[in-house]
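# An overview of the molecular structure
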Amino acid sequence: MPDNMERPFILGAQSAVPKLPSIAQWSASSRFGLDNLDTIEGKLWKDWRSSLEMLGASWVIPIIEESVIKNDVTYAIYEIISKS
């Protein structure tokens, strides 16, 4: 289990490809939870779905969307772990 259940997800990437999200261009990572999906800094990260698609992690999108509906971050954690 993640050590921070409010922000259990860490998304990071590193690339010089300008078409990828800003998080990848910065060689950075951001910690997020269900409550701050749309407020993470970075001009391209505001659209988290698009960013996950560009980073090759689109399979995570429906899991996170279902977690938001259920308001249950542990659902997302278990589903992501079981499918990775």
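See above for the structure.
These lines cover the structure that appears in this document, whether it is placed above or below.

What counts and what doesn't
Residues numbered from 1 in each chain as written. Predicted model: local features only at pLDDT ≥ 70, side-chain atom pairs only at ≥ 80, totals over all residues. Heavy atoms only, no water. Phe/Tyr/Trp six-rings, centres within 6.5 Å; stacked < 30°, edge-to-face > 60°. Lys NZ or Arg CZ within 6 Å of the ring centre and 35° of its normal. Helix = DSSP H or I, 4+ residues; strand = E, 2+ residues; numbered from the N terminus. Polar contact = N/O pair within 3.5 Å; in protein donor to acceptor, adjacent residues only side chain to side chain. Contact = heavy atoms within 4.5 Å. Buried < 20%, exposed > 50% of the residue type's maximum accessible area, 1.4 Å probe, protein only. Arc of directions from axis to C-beta. Core = buried A, V, L, I, M, F, W, Y, C linked by side-chain atoms within 4.5 Å.

### Here's the deal with the packing of aromatic side chains
- Taken as a whole and assessed by the stated rule, the structure comprises zero aromatic pairs.
- One residue, Lys70, lies across the ring of Tyr75, its end atom 4.1 Å from the ring centre.

### Comments concerning the side chain of Ser67
- Considering the arrangement of structural elements, one finds Ser67 in helix H3 (residues 61-70).
- A polar contact is formed between the side chain of Ser67 and the backbone nitrogen of Ala76, at a distance of 3.0 Å.
- In contact with Ser67, not counting residues within four places along its chain, are Leu34, Asp72, Tyr75 and Ala76.

### Some remarks on helix H4 (residues 73-83)
- Among all positions in H4, only Val73, Ala76, Ile77 and Ile80 are buried. Relative to the axis of H4, the buried residues are bounded by an arc of 100 degrees and lie together on one face. Among the exposed residues of H4, those pointing more than 90 degrees away from its buried face are Ser82 and Lys83.

### Overview of the nonpolar core
- Counting 16 residues, the largest nonpolar core has Phe9, Phe32, Trp48, Leu52, Val60 and Ile64 as its most contacted members.
- When residues of this core are traced back to their parent elements, those giving at least two are strand E1 (9-12), helix H2 (48-54), H3 and H4.
- No other element matches the four residues that H4 contributes to this core.

### Regarding the environment of Leu34
- Mapping Leu34 onto the fold places it in the loop between strand E2 (29-32) and H2.
- Judged by relative accessible area, Leu34 falls into the buried class, the value being 19%.
- In this structure the C-alpha to C-alpha distance between Leu34 and Ala76, which are 42 residues apart in sequence, comes to 9.4 Å.
- Discounting chain neighbours no more than four positions away, the residues touching Leu34 are Ile64, Ser67, Val68, Asp72 and Val73.

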